[in-house]
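Here are the chains, one letter per residue:
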Amino acid sequence: MFRSYKLDPFQIAVAADKACLARSRNKLVTRNINTELLYNLSVSKHISKSLVKFGLQENDTNALIAIIGSEEDLKAELPKINGNIINLEKLGTLVDLKAVQKEYNISEEELQRSSPTDSVITRIATKNL
């Protein structure tokens, strides 16, 4: 069963920014920019758990592809995609909100004061602080 923990494109941007910053400082936890992005999406500090939770699984029917690089890099990768490409604005329609709440430990009380997206982004941004 597909469960998406990705609520908003900004969530991906924050994780990617953290990965790029770590690379620029030679402080990648995972030693690879792509796995660093996946690691940053997770609240776990366990690399393998983060990669399993946020990486592709054999039976996944949906995938979010993030290219860290130039627009030329993106154009080179697009023909390799075998499937339908949807607008990132539809990302929220694929989300399993209960799974997000569980994964990021977001309480109902917190959701009364904050949006799920804000709660997730705060956790991503403050991981390792």
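Residues numbered from 1 in each chain as written. Predicted model: local features only at pLDDT ≥ 70, side-chain atom pairs only at ≥ 80, totals over all residues. Heavy atoms only, no water.

J.: Mind showing me how you'd approach the overall build of the protein here?
T.: Counting its regular elements, the protein contains 7 helices and 0 strands. Scanning the protein from its N terminus toward the C terminus, one meets helices and strands in the order α-α-α-α-α-α-α. Scaling as 2.2 N^0.38, a compact globule of 129 residues should have a C-alpha radius of gyration of about 14 Å, and the protein matches this with 15 Å. By its C-alpha atoms, the protein is 45 × 35 × 25 Å across when sized along the principal axes. Relative to its 129 residues, the protein shows a buried fraction of 28%. For the protein, restricting intrachain contacts to residue pairs at least 6 apart in sequence, the fraction spanning at least 24 positions comes to 56%. Element-wise, carbon and sulfur atoms account for 51% of the exposed surface of the protein, whose accessible area totals about 8,800 Å². (Helix = DSSP H or I, 4+ residues; strand = E, 2+ residues; numbered from the N terminus. Rg over C-alpha atoms; globule rule 2.2 N^0.38 Å. Buried < 20%, exposed > 50% of the residue type's maximum accessible area, 1.4 Å probe, protein only. Contact = heavy atoms within 4.5 Å. Areas by Shrake-Rupley, 256 points an atom, 1.4 Å probe, with all protein chains shown as cover.)

J.: Hey, could you run me through the packing of aromatic side chains in this one?
T.: Any aromatic ring pair is given by two values, namely how distant the centres are and how the planes are angled relative to each other. The full count for this structure, using the stated rule, is 2 aromatic pairs. With 5.4 Å between their ring centres and 55° between their planes, Tyr5 and Phe54 make a pair best called tilted. Of this pair, Tyr5 sits in the segment before α1 (9-24) while Phe54 sits in helix α3 (residues 47-54), placing them 49 residues apart in sequence. For Tyr5, a relative accessible area of 3% corresponds to the buried category. Of the residues examined, Phe54 reaches a relative accessible area of 5% and is grouped as buried. Through pairs of rings, three or more aromatic residues link up here, namely Tyr5, Phe54 and Tyr104. A cation over an aromatic ring shows up here: Lys127 above the ring of Tyr39, its NZ or CZ 3.4 Å from the ring centre. (Phe/Tyr/Trp six-rings, centres within 6.5 Å; stacked < 30°, edge-to-face > 60°. Lys NZ or Arg CZ within 6 Å of the ring centre and 35° of its normal.)

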